[in-house]
Amino acid sequence: CASIAQVHKAVLKADGTEVVVKLQHAGIEERMASDILILRQLLAWLKRLEPDFDMTAIARQWMAAIPEELDFSREAANMAEMRQHLARGAPEGMDPQWALVEAIIPEVIEELSSRRVLVQRYEPGAPLNAVDKVAAQLRASEGLSAGDEPGTEGQLPLLCSIARWYGRGLFIDGVFHAD
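Please read these numbers as outputs of a predicted model, since none were measured by experiment.

Cut-offs applied
Residues numbered from 1 in each chain as written. Predicted model: local features only at pLDDT ≥ 70, side-chain atom pairs only at ≥ 80, totals over all residues. Heavy atoms only, no water. Axes fitted to C-alpha atoms, helices over the stretch in contact; angles between N-to-C directions. Helix = DSSP H or I, 4+ residues; strand = E, 2+ residues; numbered from the N terminus. Parallel < 35°, antiparallel > 145°, perpendicular 65-115°, else oblique. Contact = heavy atoms within 4.5 Å. Nonpolar A, V, L, I, M, F, W, Y, C, P; charged D, E, K, R; others polar. Pairing = 2+ DSSP bridges.

### Remarks on the packing of helix 1 (residues 28–49) against helix 2 (residues 56–69)
And step 1. Between helix 1 and helix 2, the least distance of the axes is 9 Å, while the angle of their chain directions is 170°. Relative to helix 2, the element helix 1 is oriented roughly antiparallel. Contacts between helix 1 and helix 2 involve M32, I36, L39, R40, L43 and A44 from the former and T56, A59, W62, M63 and I66 from the latter.
And step 2. A per-class count over the contact of helix 1 with helix 2 returns nine nonpolar, one polar and one charged.

Pasting the structure below:
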């Protein structure tokens, strides 16, 4: 369960495919609008107390982004776009090593997804907060010894993979992905 949705692992009745179902919380749009209103009032009050500390622009930007955050159809389209970018490889004339990103972007089951429900194929893995486990998986995939160290050296493949992902998105594909 997260701020705007809850996520469940499921199995499709039709063919037994394992999926992940992301369900938007009922009434989340109204709750977020209410939170924004409260934030705007607090920031207006803060501005009166401290005129040099005007953060009302943050509230306006956040309010403008809410419809995008709550539209899982948009999220599905963004996932498809990222998958296409990764499939293209390196642009002509670029060293392929700099465009290489090993990432899995789950396939969205379009016919079961909507603005408030996102169904995607289940991909096994470990959450990023299980850094040691993810780092061990990356070391193994890159043919590195597992090592016994839980410190930063053992996590270097994870950090490199994340940096390549964001670098590729920004500098090759022209896309910033905030998740």
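### Some words on the sheet that holds strand 2 (residues 18–24)
And step 1. Strand order across the open sheet formed by three strands is 1-2-3, with antiparallel pairing between neighbours. Sheet topology places strand 1 (5–11) and strand 3 (117–121) at the edges, where each strand pairs with a single neighbour. Sheet twist, expressed as the mean angle between neighbouring strand axes with direction ignored, is 20°.
And step 2. Where strand 2 and strand 3 come together, five bridges link them in antiparallel fashion. From the neighbouring strand, L23 faces strand 3, where its bridge partner is V117.
And step 3. Where helix 3 (residues 72–88) meets the sheet, it contacts strand 1, strand 2 and strand 3, and its direction lies at approximately 30° from that of strand 3.

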